[in-house]
Structure formats: structure tokens, C-alpha cells
Amino acid sequence: MTSLADRIAELDANDPLREFRDEFQLRDGLIYLDGNSLGAVPKATAAAMQDAVTEQWGEGLITSWLGADWVNSPRRIGDKIAGLIGAKPGEVIAANSTSVNIFKALGAALSLQKGRTVILTEEGNFPTDHYMMQGLECLSGGTVQSLALPAETVLDRLDEDVAVLLLTQVHYKSGVMRDMAAINAAAHTHGVLVIWDLSHSTGAVEVDLDGSKADFAIGCGYKFLNGGPGAPAYIYVAERHQHADAVLAGWFGHARPFAFEERYEAASGIERFLCGTPPILGMVALEEGVDLIAKADMRAVRAKSVALAQLLIELMKPLCEEFGFTLASPEDRAVAGSHVSYAHEQAYAITQALKEHDVIGDFRAPDVVRLGLTPLYLRYADIADAVARMREVCETRSWDRPEFRERASVT
Ligand SMILES: Cc1ncc(COP(=O)(O)O)c(C=O)c1O
């Protein structure tokens with residue numbers, strides 16, 4: 001019988017993605033299980049940022065809008081992201097934050113759905129998704145009604161008064177993955193448009209927006225795309241919907257921004273979903289991250305993500321029994337994304353104590369330790385080591401210290 005160590009060594013030796021790890025700056029000994037919150041920095045990013053600051057900005061100054069092609073970066077990066085999520089060039093643009101893009105997508109979808117007033121989501125969706133819906137309701141003076149229903153029943157509410165359904169494909173806490181094609185089909189039967197939040201999907205699972213007849217999607221640049229803290233986000237608008245209104249009608253979304261016309265006339269394509277001036281330094285970092293993941297085969301990424309999760313769940317089983325963890329994610333990885341969550345009454349203190357053992361995961365209120373699995377830079381051996389360190393934290397109760405109980409402002 002092969003030992004666990006042999007099995008893991010074989011998995012790592014046969015990993016088709018193993019060379020990607022070297023492309024990232026990751027300190028020896030650190031096991032980083034939070035790439036689903038903030039991806040690690042690609043080594044190439046520092047040089048690209050240096051060049052953007054000292055050459056493009058420093059020397060080129062404003063001429064770099066054309067000279068370094070800054071002006072086309074949202075569209076150029078959008079086209080690269082499109083390749084990761086089953087969209088065509090011209091259907092995705094890098095812009096703003098995820099939250100702002102949710103607002104833009106909701107507004108655009110509503111403009112196509114005259115007479116329908118309900119915007120729908122599931123309870124437990126990421127808070128910003130709820131807040132953006134509530135903000136729109138407020139702006140509409142109550143004409144638009146924001147509604148959140150339990151995950152099990154939300155699809156039963158699809159009806160003629162529902163304008164848009166906003167769902168996160170991979171749930172931020174549980175990791176449950178929704179069936180995009182089936183939900184799009186069900187929604188379309190009732191004339192409802194769907195907005196997908198792909199924050200925990202893009203770069204981690206295979207996504208086929210066009211193939212599943214998606215309407216709108218948005219997502220983060222700083223998670224599995226490794227674009228850096230607060231990286232620009234992106235928005236997908238299916239070609240057939242690109243005549244929708246851009247409710248945040250900024251000058252970069254105008255048909256002729258440099259004509260400085262006072263009357264808004266939207267650009268004809270995806271550019272209308274830009275708003276103001278793109279944050280170029282953020283775009284430079286994002287592009288490095290996107291370029292790196294674009295070199296990986298997404299099927300291999302997904303296969304490794306599933307295998308890492310299965311290994312983690314297998315190795316955590318004895319700890320669940322001994323130390324009171326409960327798996328809070330699907331064991332069947334066909335219906336899960338790229339993180340595994342465990343509920344534990346000391347989840348916060350355990351997450352903090354793990355950091356002392358050089359394992360970084362995160363805590364999600366009220367009681368979840370969330371372990372993110374990033375196939376580009378995690379090794380199978382890291383999973384085994386992380387579980388061994390978790391065991392040590394539990395056996396020695398090293399989490400049981402006052403400083404590990406005090407909640408920080410970022411968890
Ligand atoms: C599902 C989901 N949507 C949105 C966001 C964040 O939005 P923003 O980038 O605007 O902060 C997150 C952040 O973790 C998320 O998990």
C-alpha cells in the first residue's frame with residue numbers, strides 16, 4: 001500500500017500546473033489558502049508596475065494614453081478575461097469595482113425590462129450584491145423592489161414581474177456552485193434576465209457565459225486573477241444586450257469622449273459600460289495576473305482545484321471528529337467551487353492561530369474557517385502540511401489565547 005507521503009509526492013510530480021508556482025512571489029514555508037480573497041502577486045507584476053511608473057508615467061506622462069496604449073487597456077484586458085469565461089472579444093470590459101459593476105449591470109438589465117419591477121436574489125448572497133440592489137430600490141423611489149428569498153425557493157419566484165435575478169455562481173462562504181445554464185434557461189422561460197457574480201469563479205472553475213446563454217456577469221480582479229489589492233473588476237454584457245442603457249453614464253462610455261459633448265450618447269459596444277477614467281496602475285497589475293492565468297488550461301485548473309479539495313476534505317475528516325469541525329461546503333466537488341469551508345465555534349481564533357503556524361486562510365462570520373484553493377500555486381503537499389498544522393493548533397489549543405479572540409477590522 002502506498003503511504004500518504006508517496007501518494008502526495010506522485011500527485012505533485014504529475015501536476016501539469018506545477019511550474020506556475022515559480023511565477024509567484026511566495027515565501028518558503030507559507031501555506032497560502034486565501035487566494036480566493038486576495039491572489040498572490042505574480043513575479044512579473046513588480047517589473048511591470050515599475051515600468052508603468054518610471055517609464056510610462058514618469059517619462060511618457062500624458063502621452064502614454066496613446067504611447068503605452070493606456071486608453072485601450074480596459075477593452076484589451078476585457079478581451080483576455082473573455083477568453084477565460086466563454087465570452088467573445090467585445091463582450092467584457094475591465095472597469096470599476098465589482099460592486100459598481102453590479103449596479104451598472106442591474107441598471108442595464110432593468111432598462112431592457114420595462115414594466116418589470118422586481119430585482120431578485122438569494123438570501124446569504126455576498127452583502128455587496130444585496131446592498132447594490134437596495135441602493136437601486138432607494139434610487140427608484142420604491143418603484144423597483146429588491147427581494148431576497150431563501151436559496152432553495154428563489155427560483156420558484158421567477159415570474160412576469162421579475163426583471164432580473166442576481167446570483168453568485170460560486171457562493172462566497174459555502175462554495176456551492178450554481179448550474180448557470182439551467183438557471184439561465186429557467187429564468188429566460190419567464191423572460192427574466194440573469195446577472196452572474198463570478199467573483200469566486202473566474203480563474204478557478206470553467207465558465208461558459210455564451211454557451212450557457214448568459215445575459216450579464218461581473219467579477220473581481222483581485223482573487224483568482226491575481227490582479228492585486230483592489231484591482232479593477234470586469235463586466236460582461238452579452239452582445240445581444242449591448243444596446244441596454246449605461247446608467248452610470250460616464251464620459252469614457254461616451255461614443256466620442258474627446259468631443260466633450262454635453263449630451264450623453266453611449267458608445268455602441270461594450271465601451272458604454274466603462275464609466276470614468278480607468279485606473280491605469282491597477283490595470284497594469286491586473287493585466288499581469290490575467291496574462292499569467294491565461295497561459296493555463298482552464299480544464300487543468302478546474303481538475304486540480306477539485307483534486308486539492310478532495311484531498312483536503314479527506315485529510316480533515318479525522319479532525320472533524322476529534323475537534324468538532326463541520327464541513328460547510330459540498331463534499332461533491334462537481335457542485336462546488338475552489339474553496340472549502342468548515343464551521344467551528346472557535347473558527348475566528350483558529351484562523352488567527354493558524355497564521356502563527358504560517359497558514360493563511362480566512363474567517364467568515366459567524367463561524368466559518370474558509371480555505372481557498374488556488375491551483376496555480378498550491379501543491380498537494382501544502383494541503384497535507386496545512387492539515388498537519390491545523391491538527392497541531394487543535395491539539396495544543398494554541399488558538400485559546402485572548403489575542404486570537406479579539407476581532408480585527410478585516411477578517
Ligand atoms: C461574491 C462577491 N461579490 C463581490 C465581492 C466584492 O466586491 P468589491 O470588489 O466591489 O469589493 C466579493 C468580495 O469578496 C465577493 O466575494
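Definitions and cut-offs
- Residues numbered from 1 in each chain as written.
- Predicted model: local features only at pLDDT ≥ 70, side-chain atom pairs only at ≥ 80, totals over all residues.
- Near = placed C-beta within 6 Å.
- Helix = DSSP H or I, 4+ residues; strand = E, 2+ residues; numbered from the N terminus.
- Nonpolar A, V, L, I, M, F, W, Y, C, P; charged D, E, K, R; others polar.
- Buried ≥ 20, exposed ≤ 12 C-beta atoms within 10 Å, placed from the backbone.
- Pairing = 2+ DSSP bridges.
- Core = buried A, V, L, I, M, F, W, Y, C linked by C-beta atoms within 7 Å.
- Domains from an automatic or database assignment.
- Contact = placed C-beta atoms within 7 Å.
- Axes fitted to C-alpha atoms, helices over the stretch in contact; angles between N-to-C directions.
- Expected span 1.5 Å × (residues − 1).

## Here's the deal with the site of the ligand
Residues in close proximity to the ligand total 13 residues, the closest being S97, T98, S99, F126 and S199. Secondary structure elements with two or more residues in the shell around the ligand: helix 5 (98-111) and helix 6 (127-139). Grouping the constituent residues of the shell around the ligand by class yields 4 nonpolar, 7 polar and 2 charged.

## Looking at the pairing of strand 13 (residues 368-372)
With respect to burial, strand 13 is a largely interior element, 5 of its 5 residues being buried. A two-sided burial pattern is seen for strand 13, the buried positions comprising V368, R370 and G372 on one face and V369 and L371 on the other. Here strand 10 (residues 339-343) runs beside strand 13; their pairing, made up of 5 bridges, is antiparallel. Considered in strand 13, the bridge of H339 is made with G372. Judged from the 3 bridges that link them, strand 12 (residues 362-364) and strand 13 form a sheet pairing that is antiparallel. Its bridge partner being in strand 13, R364 is matched across the sheet by V368.

## What about unusual backbone geometry?
For the bond from A365 to P366, the omega torsion is 5 degrees, close enough to zero to count as cis. Along the chain, P366 turns up in the loop between strand 12 and strand 13. In the Ramachandran plot, F260 falls in the positive-phi region, its phi being about 50 degrees despite a non-glycine side chain. Residue position: F260 is located in the loop between strand 8 (233-237) and helix 8 (280-294). For R397, which is not glycine, the phi dihedral falls at a positive 50 degrees. Here R397 lies in the loop between helix 11 (380-395) and helix 12 (402-405). Taking the C-beta count within 10 Å as the criterion, R397 has 13 such neighbours and is therefore assigned partly exposed.

## Structural notes on the nonpolar core
L106, A109, V164 and I195 are the most contacted members of the largest nonpolar core, which has 114 residues in total. Three or more residues apiece are contributed to this core by two domains, here domain 1 (4-32 + 297-405) and domain 2 (46-294). Leaving out residues up to four positions away in the same chain, L106 has contacts with I119, M132, M133, L136, V164, L166 and I195.

## Looking at the pairing of strand 8
The buried fraction of strand 8 amounts to 5 of the 5 residues, a majority that puts the element mostly inside the structure. Burial along strand 8 is two-sided: A233, I235 and V237 and Y234 and Y236, pointing in opposite directions, are all buried. With 4 bridges connecting them, strand 2 (residues 92-95) and strand 8 associate as antiparallel partners. Looking at the pairing, A94 lines up with Y234 of strand 8. As paired strands, strand 7 (residues 216-219) and strand 8 are joined by 4 bridges and run antiparallel to one another. Considered in strand 8, the bridge of G219 is made with Y234.

## Overview of the sheet that holds strand 13
Across the sheet, which stays open at both edges, the 4 strands sit in the order 9-10-13-12 with antiparallel pairing between neighbours. A single partner strand is all that each edge strand has here, and the edge strands are strand 9 (326-327) and strand 12. Of the strands in this sheet, strand 9, strand 10 and strand 13 are in contact with helix 9 (residues 298-323), which crosses strand 10 at around 15 degrees.

## Description of the packing of helix 1 (residues 4-13) against helix 11
Axis separation between helix 1 and helix 11 bottoms out at 8 Å; the angle between their running directions is 145 degrees. The segment helix 1 lies against helix 11, with L4, I8, L11 and D12 engaging Y380, A381 and A384.

## Overview of helix 8
Helix length check: helix 8 (15 residues) gives 20 Å between terminal C-alpha atoms against 21 Å at 1.5 Å per residue, within 8%. Buried residues dominate helix 8, accounting for 11 of its 15 residues. G282, M283, V284, A285, L286, E287, E288, G289, V290, L292 and I293 are the residues of helix 8 that are buried. Tucked into the core, helix 8 has its buried residues touching helix 2 (43-59), helix 4 (73-82) and strand 2.

## Topic: the domain arrangement of the protein
According to the domain assignment, the protein consists of domain 1 (4-32 + 297-405) and domain 2 (46-294). Between the C-alpha centres of domain 1 and domain 2 there is a distance of 30 Å. Counting residues at the interface gives 21 residues for domain 1, matched by 15 residues for domain 2. Across the side of domain 1 that touches domain 2, the residue classes break down as 9 nonpolar, 7 polar and 5 charged.

## So, helix 5
Helix length check: helix 5 (14 residues) gives 20 Å between terminal C-alpha atoms against 20 Å at 1.5 Å per residue, within 8%. With 11 of 14 residues buried, helix 5 is to be regarded as a mostly interior element. All of the buried residues along helix 5 are T98, N101, I102, F103, K104, A105, L106, G107, A108, A109 and L110.

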